[in-house]
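Fold and geometry: a report
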Amino acid sequence: MFTDFNSILTWLKDNNICKKAAVAAAHDSDALFSVVAARRERILDAILVGDGKKIEKLLAEQGEKASDWAIIDEMDDAKAAQIVAKLVADNKVDMPMKGLLQTGAFLKAVLDKNLGLLADNALISQATIVHYRQENRMMVVSDCAINVAPDYGKKLKIVQNSVGLSHKLGIAKPKVAIVAPLEQVNPDIQATADAAMLTLANMRGQLKGCIVDGPLGLDNAISLEAAEHKGIKSEVAGRADVLIVPDLASGNILDKALRYFAGYKTAGVGRGEGAADHDFPQ
């Protein structure tokens, strides 16, 4: 099991694993900083698609020679995303990566049915991977950026996506907390009803490879002390590996609070399960 981002990096290097990404609208300082850093660690190569002149300038600022990189000059963000999606579909790269463009434009290209990147019934959901430093372990929070107000059916797939990602992080049987404002089912608060149904789906074997419980408040999902104070007895409470948030608004706020208030190290990824299985770094 990986305990932090450094342990992931060490594993990749020890196993000589190097993937290739295509970056849409790569004229973005943050995206390029990550790609350059990963390339220097020899765990990633990349094709950069976007405003060529800006990309060259940003690379130079990081001490990189543009001639050492594969750059496709495309000023239009939507077309850049389409190029990236086609590179993935043609197996010329392992994954698409979002640069400086709207998530909607990026996903429209990736979800083009003519490319067949995902199964027809697959749902892409975003996940934030967090190093929970108090306990030196990794956690997953989803969905913080793609699905605005997911219903029970979509949350079922969000859980499946998150569990699949957790398995890749070395968590054999992740404990999944379905987070809500309170721990009791209240018919006026849909998040609590969805949580109860997801818990039952897990109990009956519809959600496999994990342990699901909810509704749980954020406090008793991650704090044993809080769970015990409220008399909650659960394999998940206080030990959650995965937090499934009620909607995008709450997830987005939690994601940014973890980074900007708590100073946690995080990584964002989009994931879709189905006949095809793809991860989409953000």
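Just so it is clear, the model here is predicted, and its values are computed rather than measured.

Quick word on the overall build of the protein chain
Assigned secondary structure in the protein chain consists of 10 helices and 11 strands. Relative to the 2.2 N^0.38 estimate, which gives 19 Å for 282 residues, the radius of gyration of the protein chain is 20 Å and therefore close to what a compact globule would have. On the principal axes, the C-alpha backbone points of the protein chain span a range of 60 × 40 × 30 Å. Within the protein chain, buried positions represent 50% of all 282 residues. Looking at the protein chain alone, contacts between residues at least 24 apart form 67% of all its contacts between residues at least 6 apart. Accessible area for the protein chain stands at about 14100 Å²; split by element, carbon and sulfur atoms hold 52% of it. With 33 positive and 36 negative side-chain charges, the protein chain shows a spacing of 2 Å between the two charge centroids.

Section: the pairing of strand β2 (residues 44-50)
Burial runs high along β2: 6 of the 7 residues are buried. Looking at chain direction, strand β1 (residues 19-24) and β2 are connected through 6 bridges and run parallel. Of the residues in β2, the one forming a bridge with A22 is I47. In this region the chain leaves β1, passes through helix α2 (residues 29-40) and returns to the parallel neighbour β2; the handedness of that crossover is right-handed. Taken together, the 4 bridges between β2 and strand β3 (residues 70-73) define a ladder with parallel strand orientation. Residue pairing for β3: G50 is matched across the bridge by D73. Handedness of the β2-helix α3 (residues 52-61)-β3 crossover: right-handed.

A word on the packing of aromatic side chains
Enumeration according to the criterion identifies 2 aromatic pairs in this entry. Between the aromatic rings of F2 and W11, the centroid separation amounts to 5.8 Å while the plane-to-plane angle is 70°, which identifies the pairing as edge-to-face. The ring of W69 is capped by R39, whose NZ or CZ atom sits 4.0 Å from the centre of that ring.

Overview of helix α5 (residues 103-110)
Within the sequence span of α5, burial applies to F106, L107, A109 and V110. Angular distribution of buried residues about the axis of α5 spans 160°; they occupy a single face of the element. Along α5, the residues that are exposed and aim more than 90 degrees away from the buried face are G104 and K108.

Brief notes about unusual backbone geometry
S142 connects to D143 through a cis peptide bond whose omega is 5°. For D143, the position within the fold is in the loop between β6 (137-142) and α6 (152-168). Despite not being glycine, R42 has its phi angle at roughly 65°, a positive value. Inspection of the secondary structure assignment puts R42 in the loop between α2 and β2. The phi dihedral of N136 is positive, around 45°, even though this residue is not glycine.

Re the pattern of salt bridges
Across all of its chains, the model carries 12 salt bridges by this definition. With a closest N to O distance of 2.7 Å, K86 and D90 form a salt bridge. With relative accessibility at 41%, the residue K86 sits in the partly exposed group. Overall, the relative accessible area of 37% leaves D90 in the partly exposed class. Between R259 and D255 there is a salt bridge, with its nearest N and O atoms 2.6 Å apart. Of this pair, R259 and D255 are both found in helix α10 (residues 248-260), 4 residues apart, which corresponds to roughly one turn of the helix. Using a relative accessible area of 32% as the deciding quantity, one classes R259 as partly exposed. We classify D255 as buried; its relative accessible area is 8%. Each of R39, R40, D45 and E64 takes part in one network of salt bridges that share partners.

Remarks on the sheet that holds strand β4 (residues 95-98)
Across the sheet, 4 strands lie side by side as β3-β2-β1-β4; this open sheet has parallel pairing. Looking at the sheet topology across the chains shown, the edges are occupied by β3 and β4. Direction aside, neighbouring strands of the sheet carry axes that sit 25° apart on average. Bridge count between β1 and β4: 4 bridges; the pairing is parallel. Among the inter-strand pairings, A21 is bridged to a residue of β4, identified as M95. Each of β1, β2 and β4 touches α2; the most contacted strand, β2, lies at about 150° to it.

Rules behind the numbers
Residues numbered from 1 in each chain as written. Predicted model: local features only at pLDDT ≥ 70, side-chain atom pairs only at ≥ 80, totals over all residues. Heavy atoms only, no water. Helix = DSSP H or I, 4+ residues; strand = E, 2+ residues; numbered from the N terminus. Rg over C-alpha atoms; globule rule 2.2 N^0.38 Å. Buried < 20%, exposed > 50% of the residue type's maximum accessible area, 1.4 Å probe, protein only. Contact = heavy atoms within 4.5 Å. Areas by Shrake-Rupley, 256 points an atom, 1.4 Å probe, with all protein chains shown as cover. Lys, Arg positive; Asp, Glu negative; His and termini not counted. Charge placed at Lys NZ, Arg CZ, Asp CG, Glu CD. Pairing = 2+ DSSP bridges. Right-handed = clockwise from strand over helix to strand, strands pointing away. Phe/Tyr/Trp six-rings, centres within 6.5 Å; stacked < 30°, edge-to-face > 60°. Lys NZ or Arg CZ within 6 Å of the ring centre and 35° of its normal. Arc of directions from axis to C-beta. Salt bridge = Lys/Arg side-chain N within 4 Å of Asp/Glu carboxyl O. Axes fitted to C-alpha atoms, helices over the stretch in contact; angles between N-to-C directions.

In short, geometric facts, not functional conclusions.
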